[in-house]
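Residue-level structural notes
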Amino acid sequence: MSIETAQGVLGDATIGELEAALSGTLVRPGDAAYDEAREVWNAAHDGRPALIVRCAGTADVIRAVEFARSQNLLVAVRGGAHSIAGFSTCDGGIVIDLSAMKGVRVDPAGRRAVAQPGLTWGELDHETQAFGLAVTGGLVSSTGVAGFTLGGGVGWLLRRHGLACDNLVGADVVTADGRLVHADAEENPELFWALRGGGGNFGVVTSFEFELHPVGPQVLAGLVIYPAAEAQQVVSRWRDLTAAMPDELTTLVNLTTAPPLPFLPESVHGTRIVVLAGMYAGGMEAGEAAVRPLRSLGTPLADVMGPMPYLGMQTLLDPLWTRGAYNYFTSAFVEPTDQAIDAVLGAHLSTPTPFSEVHLHHLGGAFGRVPADATAFSQRDASMLCNVIARSPGPEDFDGHIAWARGAREEIARHGNGGMYVNFTGDAAEDKVRAAYPDAVHARLVRVKDEYDPTNLFRLNQNIRPSSAS
Ligand code: FAD
């Protein structure tokens, strides 16, 4: 059966040739598996690809890339399918789905892990924690290792060990011309620089090598929850404390609406709250001392910060972030002045749904010590990262919710450097990409794009347009 793509009709024989060349499977419209195979985490994106290649390994990736190029197809690359902007699906193009590529090898003595691109953070953490090791991973365990790392990667180990991309020591990449190249500090160093923060622009990464660190298995971590009536005091006091926080302690403030959690009084459910969340990546005694001031920023409604498995902290938020809802994120690097805090609190008071929230991530520590030109993620002097999230169970008035998030972001971003974080960006607009990178970094990314993807085959991402397309 021939298939209509956005670029024309693909004949049966052409599709059959691709299918025969794969070790994995090809899914197309009409197949029983099609609807499940096209689904991504964010229900706001309901793409109907012409073909979905479920790759079994690197050979399949090379074949899929060559096929896409020869047939002039729009290409979406999928790891964990958590792209907020919907980049891992498309209409009428080809999805290169890596989610079945879940191989991982941990070298406990060398403290390294080599991971395939279909792994989620839950899966990689599981393997590394068997040896008491970890690398900075996502706050929600279903998030893909691949997209997360290529965009940067903010997690509970950020202040202790930097972003996920700061711990990447090498990668294998299938480039737009179907070659497999390796990138590390010595080999293809410009590509290696670009992969660490430049997103999926430069090819399909088929293998990530990470440096690992001893973490846990028990850590001091959890949440202290305050009423929104105390938000001004709680957030300002937390901000003051961040100035002298040890690198082991990574914290964020989440301004949200109380879900029906068993440790919160029923009277609080459905009211606005301030959640102080954090993890101390070090000894328990030192951790207790470090988190003590966080327990008395106001009058806690609940204090569930204490010893827990690292894997427990890595999955603590999972129940709140199930797939199938409508989501839009937008972000800004901010300096937490009193005025910035007022803007953040104003956004909290106007959230359009109980699932919408505003996060303030404290940066610095190991994250801030990486030289700005060492990786494409270069906003190293930012103090905090604000993530404004519109989330709703259904599509009703979702455009209005997006408008709320954009408006809130605009107010908050006045108190920062104007930059944003590509992984917390639900837009695909060029001005958003430019806002993620200083001019010199963007120009350097364009040079790498020119070398590895001059025709912009990989353009469903926070796109760095090659010179030929500008
Ligand atoms: P995908 O949708 O599969 O891919 C995202 C992008 O990466 C696409 O542009 C895709 O083309 C590209 N890509 C994926 N795999 C490859 C590959 N192998 N080679 C080349 N390009 C590839 N971010 C944080 O920093 N910290 C968090 O704690 C965090 N938590 C999150 C929680 C949730 C519930 C969600 C939805 C997102 C979260 N994010 C977080 C944002 C997250 O980092 C991005 O959405 C990221 O892109 C997800 O990666 P993925 O592989 O799951 O996504």
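Read on for a plain summary of the structure.

Parameters and conventions
Residues numbered from 1 in each chain as written. Predicted model: local features only at pLDDT ≥ 70, side-chain atom pairs only at ≥ 80, totals over all residues. Heavy atoms only, no water. Near = heavy atom within 4 Å. Polar contact = N/O pair within 3.5 Å; in protein donor to acceptor, adjacent residues only side chain to side chain. Areas by Shrake-Rupley, 256 points an atom, 1.4 Å probe, with all protein chains shown as cover. Helix = DSSP H or I, 4+ residues; strand = E, 2+ residues; numbered from the N terminus. 1 Å grid on protein atoms, 1.4 Å probe; cavity = no way out; pocket = protein on both sides within 12 Å on 5 of 7 lines; lining within 4 Å. Points joined across faces, edges and corners; volume = space filled by probe spheres on them. Expected span 1.5 Å × (residues − 1). Buried < 20%, exposed > 50% of the residue type's maximum accessible area, 1.4 Å probe, protein only. Contact = heavy atoms within 4.5 Å. Pairing = 2+ DSSP bridges.

Glancing now at the site of the ligand. Taken together, 34 residues sit near the ligand, with Gly79, Ala81, Ser88, Val154 and Tyr421 positioned nearest. Between the ligand and phenylalanine 148 there is a distance of 3.2 Å, counted from an oxygen atom to a backbone nitrogen or oxygen. Summarising the interface, the protein chains cover 96% of the accessible area of the ligand, which totals 940 Å² for the free molecule. At the level of elements, strand E5 (75-78), helix H5 (145-151) and strand E12 (204-211) are the ones that each hand at least two residues to the shell around the ligand. With four residues, the single largest contributor to the shell around the ligand is H5.

We now examine the layout of surface pockets. Over the atoms rolls a probe the size of a water molecule, and in doing so it shows where empty space is left. Size it by volume and the second largest pocket reaches roughly 280 Å³. Residue lining of the second largest pocket: 19 residues in total, with Gly79, Gly80, Ala81, Ser99 and Arg323 positioned closest to the centre.

Time to look at helix H8 (residues 231-242). Helix length check: H8, at 12 residues, gives a terminal C-alpha distance of 16 Å against a target of 16 Å (1.5 Å per residue), a fit within 8%. Every buried residue of H8 is listed here: Ala231, Val234, Val235, Ser236, Trp238, Arg239 and Thr242. Residues of H8 that are buried in the fold lie against strand E14 (218-227), strand E15 (249-257), strand E16 (272-280), helix H11 (338-349), strand E19 (357-362) and strand E20 (384-392).

Attention now moves to the environment of arginine 54. With respect to the secondary-structure elements, arginine 54 resides in strand E4 (residues 51-54). The contact partners of arginine 54, leaving out residues within four places of it in the chain, are Gly24, Thr25, Val27, Glu36, Ala37, Asp60 and Asp97. At 3.1 Å, the side chain of arginine 54 forms a polar contact with the side chain of glutamate 36.

Now for the pairing of strand E11 (residues 180-184). The sheet contact formed by strand E10 (residues 168-174) and E11 spans five bridges and is antiparallel. Within the sheet, the bridge partner assigned to valine 174 lies in E11 and is leucine 180. In textbook terms, the turn of a hairpin is the stretch between consecutive antiparallel strands, and for E10 and E11 this stretch comprises five residues, one of which, glycine 178, has a positive phi near 85°.

Without other data, these values stay purely geometric and don't point to any function.
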